[in-house]
Amino acid sequence: MSNIYGISRWLSVIVALLVIIAVTPAHADDDDDDDRGSKNGRKPLVINARWKDECGSCHMAFPPRFLSAESWRAMMGGLDKHFGSNASVDAADAAEIGGFLEKNASSGNRMSSKGSEPPLRITETRWFQSEHRKVADRWKDPRVKSPANCAACHTKADSGSFGERDIKVPR
Ligand code: HEC
Ligand code: HEC
């Protein structure tokens, strides 16, 4: 009898370990959920060559973590009418880029907008607007031109770094 109890005690230890192992990486990936800017800003840039080429030709390639998977799906579904431009790519590229964007998308609900539709603009998300409320008077500055011009203030935006150390706002 004592043997059986011994085995079941071991089993529960093993099960507990497996649970910890299974849960830990998911947790580490999860910090998009708390949209604290500093964490967001320091996240390393994830790269996909096609995304960098196709989505970085007219403007900087906006990192996937700044929109939700729903938003990216909606955007990839309408590239022929992309903010007044035709940004279409062939089907294979669309599948690869779409997969990359969705896989690395934000899961935080502050990446949604105030409306019910998933936003197509990063700059329309509640997260973006609250993070940037102190510089909202800068959008009209000729050196900035638009809130979507991230690199006007985030000097290393192109390499995916948005951390506070790399911010220089034109005044
Ligand atoms: C006019 C300048 C300006 C522009 C343009 C701008 N930002 Fe920012 N951004 C800032 C400032 C200033 C902060 C810090 C705000 C604070 O701490 O109050 C910031 C904060 C951030 C943070 C959080 C950084 C951290 O570590 O706290 C991220 C991420 C970010 N911006 C992304 C973007 C993206 C993406 C774009 C373009 C779509 C963009 N920003 C456009 C000025 C700008
Ligand atoms: C043919 C040029 C072109 C290509 C290629 C292109 N875009 Fe754009 N994109 C635009 C224009 C124009 C805007 C609107 C800019 C503005 O109003 O500030 C825009 C805006 C955006 C915005 C919104 C920025 C904001 O928050 O205001 C996102 C996100 C975006 N593009 C993602 C993509 C992705 C993803 C791809 C690749 C699949 C892509 N773009 C390829 C022209 C392009």
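Our structure's up above, just so we're on the same page.
Residues numbered from 1 in each chain as written. Chains lettered and ligands numbered in written order. Predicted model: local features only at pLDDT ≥ 70, side-chain atom pairs only at ≥ 80, totals over all residues. Heavy atoms only, no water.

### As for the site of ligand 2
Within the structure, ligand 2 sits among 22 residues, and Cys 55, Cys 58, His 59, His 82 and Ile 122 are positioned closest to it. The separation between an oxygen atom of ligand 2 and a polar side-chain atom of Arg 121 is 2.8 Å. Thr 123 has a polar side-chain atom sitting 2.9 Å from an oxygen atom of ligand 2. Contributions of two or more residues to the shell around ligand 2 are made by α3 (49-55) and α4 (69-76). Of all the elements, α4 adds the most residues to the shell around ligand 2, at three residues. (Near = heavy atom within 4 Å. Polar contact = N/O pair within 3.5 Å; in protein donor to acceptor, adjacent residues only side chain to side chain. Helix = DSSP H or I, 4+ residues; strand = E, 2+ residues; numbered from the N terminus.)

### Comments concerning the coordination of the iron atom of ligand 2
For the iron atom of ligand 2, the full set of protein donor atoms is His 59 (NE2) and His 82 (NE2), at a range of 2.0 Å. Here the iron atom of ligand 2 binds six donor atoms, and the angle range of 88 to 179 degrees at the metal identifies the geometry as octahedral. Residue His 59 is located in the loop between α3 and α4, and its partner His 82 is located in the loop between α4 and α5 (91-103); the two are separated by 23 residues in the primary sequence. Given a relative accessible area of 34%, His 59 falls into the partly exposed group. For His 82, a relative accessible area of 14% corresponds to the buried category. (Donors = N, O, S within 2.8 Å, 3.2 Å for Na, K, Ca; no water. Tetrahedral: all angles 85-135°; square planar, octahedral: opposite > 155°, others 65-115°. Buried < 20%, exposed > 50% of the residue type's maximum accessible area, 1.4 Å probe, protein only.)

### Details of the packing of α4 against α5
The interhelical angle for the contact between α4 and α5, taken along N-to-C directions, is 160 degrees, at an axis separation of 9 Å. On the basis of the axis angle, α4 is roughly antiparallel to α5. α5 is crossed by α4, and the crossing has right-handed handedness. Residue-level inspection shows Ala 69, Trp 72, Arg 73 and Met 76 of α4 in contact with α5, the latter providing Ala 94, Ile 97, Gly 98, Leu 101 and Glu 102. (Axes fitted to C-alpha atoms, helices over the stretch in contact; angles between N-to-C directions. Parallel < 35°, antiparallel > 145°, perpendicular 65-115°, else oblique. Left-handed = near helix turned anticlockwise from the far one by under 90°. Contact = heavy atoms within 4.5 Å.)

### A closer look at the coordination of the iron atom of ligand 1
For a metal bound by four donors in a tetrahedral arrangement, the ideal donor-metal-donor angle is 109.5 degrees, while six donors in an octahedral arrangement ideally sit at 90 or 180 degrees. Only His 132 (NE2) and His 154 (NE2) from the protein reach the iron atom of ligand 1 as donors, at distances of 1.9 to 2.0 Å. Seen from the iron atom of ligand 1, its six donor atoms lie at angles of 89 to 180 degrees, and the figure they make is octahedral. Within this pair, whereas His 132 is found in the segment after α6 (126-131), its partner His 154 is found in the segment after α6, the two being separated by 22 residues in sequence.

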